[in-house]
Amino acid sequence: MRQTAMTDKTDIKGLTTLRLKNTPRDIEKAAELIRRGQVVGIPTETVYGLGADALDPLAVSRIFKAKNRPMDNPLIVHIYSLEQADELAREIPELFYTLAEKFWPGPLTMIVPKSDRVPLETSGGLDTVGIRMPSHAVMRQLIKLSVPIAAPSANRSGYPSPTTEQHVYDDMKGRIAAVIDGGECRFGVESTVISFESEDTVRILRPGSVTRSMLSQYAGVIVDDAILHDLEQGRTAPSPGMKYKHYSPRAEVRIVEGSMDSFIRYTNSMYGDDVYCLIFDDDDPRELRCRYMTYGSTDVQQAHELFARLRELDDKNAATVYVRSPQSTGVGLAVYNRLLRAAAFQVIKA
Ligand code: AMP
Ligand code: MG
């Protein structure tokens, strides 16, 4: 029976956060915690997640508390087998199975009408549920040993997503029961989220490592406007995450569009002790006056490194960070989308 006592059973203060390893014994310990309704930090191939029993409203409410996440921002439910999708969804289009076969296990979340088994707490009050089959061995084993796992990114709400166990521990120490160290996340950005527009067309609501061109081999693809633009006034967000400021370090982030020469000219004129630049590995930094860090060269490297760099810039007490604008093609669309939100859409044309 679910607990519905008068006292607040979801209190998260003063928990001792166990730091678990990627061993069968520790994974079993984490699965036991999840079966008992607790929240565990879990490595996945995208970013670290905060996992709990997706079908238990009390367990799910602990995730929202730990993250300080708005209650209307839905959680993605992670599954181990396609049979679990059939239990979570009320209707599943044919195209869902086609895409599942091509991209699962992997970084693709598909939104479908939810069944009654999925509590409204998990779906943020929506009649739909986002489902994903992750590929990370630790996450897969945990689901196998427990239940479908609801897991948003394991950062405090609004902050950059965690891509290492240390990031999770820094954000969640004392707020969750445990975190498992599964190494650095392979992709470094959250999953691609799609909804079904028609029988043969999908809409990308959040870009990720499954790109537009990968999807377009199997379906028509619409890229939602809100990926590259601030949500239009008066428009209801098709995906609630679009509404919120996201991925932001404490530092002010500004994207700078233009060549490296114009980037250097612009940022040199903005010089300050606590002003930093975030440039590409293959940029020539010799003329830069401001301190700098780099975040890869290719789109895949940029995705892998972006969130870690934003956290490191906070550790250095950067007040302002000027970022070289990534290409918005391929996985770059995901990188650019996260940066736009971290920068609250402030783009400078230098
Ligand atoms: P996170 O768990 O932090 O990676 O965020 C998950 C994001 O997926 C949410 O912010 C939503 O934007 C999106 N999402 C999850 N479930 C749904 C759904 N049922 N409908 C629309 N968007 C969803
Ligand atoms: Mg998130």
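On a predicted model such as this, the values are computed, not experimentally measured, just so you know.

### Considering the overall build of the chain
Then step 1. Along the chain, the regular secondary structure elements total 10 helices and 16 strands.
Then step 2. Taken over the C-alpha trace, the chain has a radius of gyration of 20 Å; the compact-globule value for 350 residues is 20 Å, and the two agree within 12%.
Then step 3. In terms of overall dimensions, the chain has C-alpha extents of about 65 × 50 × 40 Å along its principal axes.
Then step 4. Counting only residues that meet the buried cut, the chain has 59% of its 350 residues in that class.
Then step 5. Taking all contacts inside the chain whose residues are at least 6 apart in sequence as the whole, residues at least 24 apart take part in 66%.
Then step 6. Approximately 15,300 Å² of the chain is accessible, and the part contributed by carbon and sulfur atoms is 47%.

### Digging into the packing of aromatic side chains
Then step 1. In the structure shown here, the tally under the stated rule is 6 aromatic pairs.
Then step 2. When the ring of F103 is compared with that of Y218, the centres are 5.7 Å apart and the planes differ by 80 degrees; the resulting orientation is edge-to-face. Of this pair, F103 sits in helix 4 (residues 94-103) while Y218 sits in the loop between helix 7 (212-215) and strand 11 (220-223), placing them 115 residues apart in sequence.
Then step 3. Judged by centre distance (5.5 Å) and plane angle (40 degrees), the rings of F280 and Y295 are tilted. With F280 in the loop between strand 13 (275-279) and strand 14 (291-294) and Y295 in the loop between strand 14 and helix 9 (299-315), this pair connects stretches of sequence that are 15 residues apart. Each member of the pair, F280 as well as Y295, carries the same accessibility label: buried.

### Looking at the site of ligand 1
Then step 1. The local shell around ligand 1 holds 18 residues, among which N73, P152, R206, S239 and G241 are the closest.
Then step 2. Here an oxygen atom of ligand 1 and a side-chain polar atom of N73 are 2.6 Å apart.
Then step 3. For ligand 1, a nitrogen atom lies 3.0 Å from a polar atom in the side chain of T128.
Then step 4. In the complex, 94% of the free accessible area of ligand 1, which totals 490 Å², lies under the protein chains.
Then step 5. Ranked by the residues each element gives to the shell around ligand 1, the list is headed by strand 6 (residues 128-132), at 3 residues.
Then step 6. Here the residues of the shell around ligand 1 sort into 9 nonpolar, 6 polar and 3 charged.

Procedures and definitions
- Residues numbered from 1 in each chain as written.
- Chains lettered and ligands numbered in written order.
- Predicted model: local features only at pLDDT ≥ 70, side-chain atom pairs only at ≥ 80, totals over all residues.
- Heavy atoms only, no water.
- Helix = DSSP H or I, 4+ residues; strand = E, 2+ residues; numbered from the N terminus.
- Rg over C-alpha atoms; globule rule 2.2 N^0.38 Å.
- Buried < 20%, exposed > 50% of the residue type's maximum accessible area, 1.4 Å probe, protein only.
- Contact = heavy atoms within 4.5 Å.
- Areas by Shrake-Rupley, 256 points an atom, 1.4 Å probe, with all protein chains shown as cover.
- Phe/Tyr/Trp six-rings, centres within 6.5 Å; stacked < 30°, edge-to-face > 60°.
- Near = heavy atom within 4 Å.
- Polar contact = N/O pair within 3.5 Å; in protein donor to acceptor, adjacent residues only side chain to side chain.
- Nonpolar A, V, L, I, M, F, W, Y, C, P; charged D, E, K, R; others polar.

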